[in-house]
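This is what each chain is made of:
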Amino acid sequence: MKISKQEFARRRNNLMGQMEADSIAIVPSARELTRNRDTDYPFRQDSDFYYLTGFAEADAVLVLMPGRKKHGQYVLFCRDRDPAMELWNGYRAGPEGACDDYGADDAFPVSDIDDILPGLLEGRERVYYAMGRNPAFDQKVMQWVNVIRSKVRSGAHPPGEFLDLDHLLHDLRLYKSAAEIRVMRKAGKISAAAHIRAMQTCKAGWYEYQLEAEILHEFGRNGARFPAYSSIVGSGKNACILHYIENSGQLKKGELVLIDAGCELEHYAADITRTFPVSGTFSKEQKALYEVVLKSQLAAIKKIKPGNHWNQAHDATVKVITEGLVALGLLKGKVSTLIKKEAYKDFYMHRAGHWLGMDVHDVGDYKVDDEWRVLEEGMVLTVEPGIYVAPDNKKVAKKWRGIGIRIEDDVLVTRTGNEVLSGDAPKKINEIEALMRAGAA
Ligand code: GLY
Ligand code: MN
Ligand code: MN
């Protein structure tokens, strides 16, 4: 299931093939972050860095120099081997492993980077670098450039141009390969299994974090140790807080619970939301709003195919949700006027989705030349409409207040249409109720 060495090499070659002549690209790894004394947050490699290297250690720097003949185009700086440090903190590949196991043409201890990098920059006209993301590293890059500038009188040739690496690299990341799709399909399956587990184990009286534990358990036992983002488990009116991650409330009979959770597998994210009744049966009002959200989501998924543009799915959700809110009496007026006035935003205040990949909110432009991007085979996006009736919304009848519903799937654009990667998680009312009955039995 892992991405192969050949694929990492292909990615580097694709990027280098698009870089200007006489250029160099510099990509730092992610840094370790302290959680509290002597304890770090779990390390997660930077997605750009991992995409090009498959190298998951901190304190590393990737340098690509297209066309460099003698010592090769791909140089990796990484932590040196150190038996004492490795005894405490785990295995390091070291420069030798960087070449042998990760395909680097040349590798050096990162502790030597200040001495070596200016030499690599020298004579290169253009530097591709994502300026502004890591201020400490920005300063280092400028220091290395300044070392060469200080030597111009002895004939040194500093780079004259800085170019944004993101533009090239993120466009590559937007189109998923067959291997990436296989990983994302598996991430979708594991995450769907976790949602099913949550539906089947859910009990009134439990706390939201107990459902979260069921989700994480299912991720881990299937090989996905970490979630792709903090899981949202919001019951009752907590479901109306879009990024609720406290997960500390108690599940009450008669309320819905919204779970937005997806695993990370091999550095790829799944992102699924399901909303279901704590007791296993939807009330009349919950059912009515749920059907509107589901209808809007299905209408949006239909719009996901090559040739359609990014915003068509969103527009479809707005139309169905506005019509539904009018039909149920939560909005009053003419549908077209309400859409124009964005009246639906009191209930549906976010967009219908985002790109999905190594980052849950993945990279890639949504507009090209000021026009919505046209969908193409290999792109993956979420479709996640919702209706959230604020608990204090006095403009609607009391029976609707505090209901929050979102349904989110991960959708791959295929040659002829789309494939829902998260489709194993049931979302029809009768399927959810049947599953929960089976779980309770
Ligand atoms: N889980 C974050 C989102 O759905 O965008
Ligand atoms: Mn989500
Ligand atoms: Mn999402």
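Described below are features of the structure shown in this document.

## Topic: the coordination of the manganese ion (ligand 2)
Each angle at a metal carrying four tetrahedral donors should ideally be 109.5 degrees, and each at a metal carrying six octahedral donors should ideally be 90 or 180 degrees.
Alright, step 1. Around the manganese ion (ligand 2), the protein supplies D260 (OD), D260 (OD), D271 (OD) and E408 (OE) as donor atoms, at distances of 2.0 to 2.4 Å.
Alright, step 2. For the manganese ion (ligand 2), the six donor atoms in the first shell make angles of 57 to 171 degrees at the metal, so the coordination geometry reads as irregular.
Alright, step 3. Linear spacing of the donor residues for the manganese ion (ligand 2) on their chain is D-x10-D-x136-E.

## Some points on empty space enclosed by the protein
Alright, step 1. A full pass over the atoms with the stated rule returns one cavity of 30 Å³ or more.
Alright, step 2. Of the volumes computed, that of the largest cavity is approximately 60 Å³.
Alright, step 3. Contributing to the lining of the largest cavity are W310, A313, H314, R351, A352, G353, L381, T382 and V383.
Alright, step 4. Elements supplying a minimum of two residues to the lining of the largest cavity: α11 (311–328) and β17 (380–383).
Alright, step 5. Examining the composition of the lining of the largest cavity, we find that three residues originate from one element, β17, more than from any other.
Alright, step 6. Residues belonging to the lining of the largest cavity are distributed by class as follows: five nonpolar, three polar and one charged.

## Details of the side chain of R68
Alright, step 1. Structurally, the position occupied by R68 is in the loop between β4 (61–64) and β5 (74–78).
Alright, step 2. One buried charged side chain, R68, makes no salt bridge at all; its nearest oppositely charged neighbour is D106, positioned 5.0 Å away.
Alright, step 3. Once you skip the residues sitting within four places of it in the chain, R68 turns out to touch Q73, V75, L120 and R124.

## A look at unusual backbone geometry
For residues other than glycine, phi is negative in most cases, and the peptide bonds are mostly trans.
Alright, step 1. With phi around 55 degrees, D22 is a residue other than glycine that occupies positive phi space.
Alright, step 2. With respect to the helices and strands, D22 occurs in the loop between α1 (5–18) and β1 (23–28).
Alright, step 3. A residue is classified by how much of its surface remains accessible, and D22, at 46% relative accessible area, is partly exposed.

## Examining the sheet that holds strand β6 (residues 106–109)
Alright, step 1. Pairing is mixed in the open sheet, where six strands are placed in the order β6-β5-β4-β1-β7-β8. Each of the sheet's edge strands pairs with one partner strand only, and the pair in question is β6 and β8 (161–163). Neighbouring strand axes in the sheet, compared pairwise and without regard to direction, differ in orientation by 20 degrees on average.
Alright, step 2. As paired strands, β5 and β6 are joined by four bridges and run parallel to one another.

## Things to note about the sheet that holds strand β10 (residues 232–235)
Alright, step 1. Strand order in the open sheet formed by three strands is β10-β11-β14, and the pairing between neighbours is antiparallel. Edge positions in the sheet fall to β10 and β14 (272–277), since each of these pairs with one other strand and no more. Between one strand and the next, the sheet's axes are offset by a mean angle of 10 degrees, whatever the strand orientation.
Alright, step 2. Bridge count for β10 against strand β11 (residues 256–261) is four bridges, and the pairing is antiparallel.

## Notes on the layout of surface pockets
Alright, step 1. Put simply, the second largest pocket is a space of about 310 Å³.
Alright, step 2. Taken together, 15 residues form the lining of the second largest pocket, with H243, D260, H354, H361 and E384 sitting closest to its centre.
Alright, step 3. For the lining of the second largest pocket, a count of residues per class yields four nonpolar, five polar and six charged.

## Let's talk about a negative patch on the surface
Alright, step 1. Together, E32, D38, D40 and D59 line one region of the surface with negative charge.
Alright, step 2. In this fold, E32 is placed in the loop between β1 and β2 (34–36).
Alright, step 3. On the basis of relative accessibility, which here comes to 39%, the residue E32 falls in the partly exposed class.

## Points about the packing of helix α10 (residues 284–302) against α11
Alright, step 1. Between α10 and α11, the least distance of the axes is 8 Å, while the angle of their chain directions is 155 degrees. Accordingly, the angle class assigned to the pair α10 and α11 is roughly antiparallel. In the packing of α10 onto α11, the handedness of the crossing is right-handed. Contacts between α10 and α11 involve A288, L289, V292, K295, S296, A299 and A300 from the first element and A313, A316, T317, V320, I321, G324, L325 and L328 from the second.
Alright, step 2. Classifying every residue of the contact of α10 with α11 by side-chain character gives 11 nonpolar, three polar and one charged.

Reading guide: rules and limits
Residues numbered from 1 in each chain as written. Chains lettered and ligands numbered in written order. Predicted model: local features only at pLDDT ≥ 70, side-chain atom pairs only at ≥ 80, totals over all residues. Heavy atoms only, no water. Donors = N, O, S within 2.8 Å, 3.2 Å for Na, K, Ca; no water. Tetrahedral: all angles 85-135°; square planar, octahedral: opposite > 155°, others 65-115°. 1 Å grid on protein atoms, 1.4 Å probe; cavity = no way out; pocket = protein on both sides within 12 Å on 5 of 7 lines; lining within 4 Å. Points joined across faces, edges and corners; volume = space filled by probe spheres on them. Helix = DSSP H or I, 4+ residues; strand = E, 2+ residues; numbered from the N terminus. Nonpolar A, V, L, I, M, F, W, Y, C, P; charged D, E, K, R; others polar. Buried < 20%, exposed > 50% of the residue type's maximum accessible area, 1.4 Å probe, protein only. Lys, Arg positive; Asp, Glu negative; His and termini not counted. Salt bridge = Lys/Arg side-chain N within 4 Å of Asp/Glu carboxyl O. Contact = heavy atoms within 4.5 Å. Pairing = 2+ DSSP bridges. Axes fitted to C-alpha atoms, helices over the stretch in contact; angles between N-to-C directions. Patch = residues over 30% accessible without salt bridge, like charges linked within 9 Å, V, L, I, M, F, W, Y side chains within 5 Å. Areas by Shrake-Rupley, 256 points an atom, 1.4 Å probe, with all protein chains shown as cover. Charge placed at Lys NZ, Arg CZ, Asp CG, Glu CD. Parallel < 35°, antiparallel > 145°, perpendicular 65-115°, else oblique. Left-handed = near helix turned anticlockwise from the far one by under 90°.

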